[in-house]
Amino acid sequence: MELLDWSLVSSTIRMVTPILLAALGGALCARVGIFNVGLEGLVLVGAFSAIVGNHFTGSLFLAILFAALVCVLFSLLFAYMTIGLRANEIVVGVAINFLALGLTTFALRAIFGVKGAFYDKEMAGLPKLDIPVIKDIPVLGDIFSGHSPLVYLAFIAAIVLYLFFYRTVTGFRVLAVGLNPVAARSLGLKVTGLQVLAITMCGILCGLAGAQLSLGQVTMFTEGMTAGRGFIALVAMMMGQSHPLGILASSFLFGLMDALSIRLQGLSLPTQFTSMLPYVLTIIAMFFVKEKSQAGGRR
């Protein structure tokens, strides 16, 4: 088996989707001056809610909608604690992560009566879309065609978010709130409303990320299946400087490591070694972000 080939790029595009969606949600929060550490918990809740919605409704659209709705409710809880009660956003984010982990574990046993994981062989996952014309092109067809709708939506979301930030009036207002909320409020901007809007949109994106994780990749749910992807999304957001295109590039790097770790398992390397590659890259990236922030401080 070749380590590097075009199928690795296709796998990277698929693996990057949950990280990219969550990172874009984190960027929305960061742009209004809120550091949302609860991305890990939101994605986990989204993954579980998508499975629950699919199990009870049998509709993939309703399952994705349910995942987004549940994540919005969790996001509103985060917004109420951080904005309404002025609680520390780091503490609240960590609490959301632990709440999501415990709640999904409990709900897995309460709803499905199983421990560890839930799998239904009759449950349908997200369909694979074949792009006309492109699917018939030898290399491009293998790379860009045959992914789930949420994969394409993630890349579209990055472009839309870029246009929103830098081409719309509301986007400029969001940026103004993040730069100086006191000055923005003095100009008559509804700072609280924009912050709640950003956190709500973050919840929707994390719900989509969770749905891709549980319905687009494996069609099952396991306890703690996010496996730190929410924290990796935070690092991707920081590396990309909360810029949608920068986040797209940094997320692709983490997705590549994720796909590469799976590929290395086929070369008889220990699973423990291959699984740690994305997190080693995360630690290295944190040093890079730290150095860049210190250089910015010296200027």
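Residues numbered from 1 in each chain as written. Predicted model: local features only at pLDDT ≥ 70, side-chain atom pairs only at ≥ 80, totals over all residues. Heavy atoms only, no water.

A few points about a nonpolar patch on the surface
Spelled out, the test is: Patch membership is restricted to residues that have no salt bridge and whose relative accessible area is over 30%. Joining uses 9 Å for like charges and 5 Å for the nonpolar side chains Val, Leu, Ile, Met, Phe, Trp and Tyr. The protein chains shown are the only cover counted for residues, whose accessible areas, like all others here, come from Shrake-Rupley with a 1.4 Å probe. One side-chain nitrogen of Lys or Arg within 4 Å of one carboxyl oxygen of Asp or Glu is enough to make a salt bridge. Numbering of helices and strands runs from the N terminus, with a helix taken as a DSSP run of H or I at least four residues long and a strand as a DSSP run of E at least two residues long. Categorising residues by exposure relies on relative accessible area from a 1.4 Å probe, with only protein chains included: less than 20% of the type maximum marks a residue as buried, more than 50% marks it as exposed, and the intermediate range marks it as partly exposed.
Together, Leu267, Leu269, Phe273, Met276, Tyr279, Val280 and Ile284 line one region of the surface with nonpolar side chains, adding up to about 570 Å² of accessible area. With three residues, helix H13 (residues 277-298) is the largest single contributor of residues to the nonpolar patch. With respect to the secondary-structure elements, tyrosine 279 resides in helix H13. Classification of tyrosine 279 by relative accessible area gives partly exposed; the value is 34%.

Here we look at the state of the cysteines
Under the convention used in this document: Our working definition of a disulfide is a cysteine sulfur pair at a distance within 2.5 Å.
Overall, the coordinates contain zero disulfides when judged by the stated rule. With no disulfide of its own, cysteine 71 has cysteine 206 as its nearest cysteine by sulfur position, at a separation of 6.4 Å. Left without a disulfide partner, cysteine 206 is nearest to the cysteine sulfur of cysteine 202, which lies 4.1 Å away.

Details of the UniProt feature "transmembrane region" (unreviewed entry) in the protein
Which entries qualify depends on this criterion: UniProt positions are given in the numbering used here, feature names are shortened, and annotations may be inferred rather than shown by experiment.
Those places that UniProt annotates as "transmembrane region" (unreviewed entry) correspond, in this numbering, to residues 12-30, 62-83, 90-112, 149-166, 187-211, 231-257 and 269-289. End C-alpha atoms of residues 62-83 are separated by 30 Å, and the span's content is 100% helix alongside 0% strand. For residues 231-257, helix accounts for 85% and strand for 0%, while the C-alpha atoms at its two ends are 15 Å apart.

Quick look at unusual backbone geometry
Located in the positive-phi region is glutamine 241, a residue other than glycine, with phi close to 55°. In this structure, glutamine 241 sits in the loop between helix H10 (229-239) and helix H11 (244-265). Phi is positive for serine 242, close to 60°, though the residue is something other than glycine. Its location among the elements puts serine 242 in the loop between H10 and H11. A residue is classified by how much of its surface remains accessible, and serine 242, at 11% relative accessible area, is buried.

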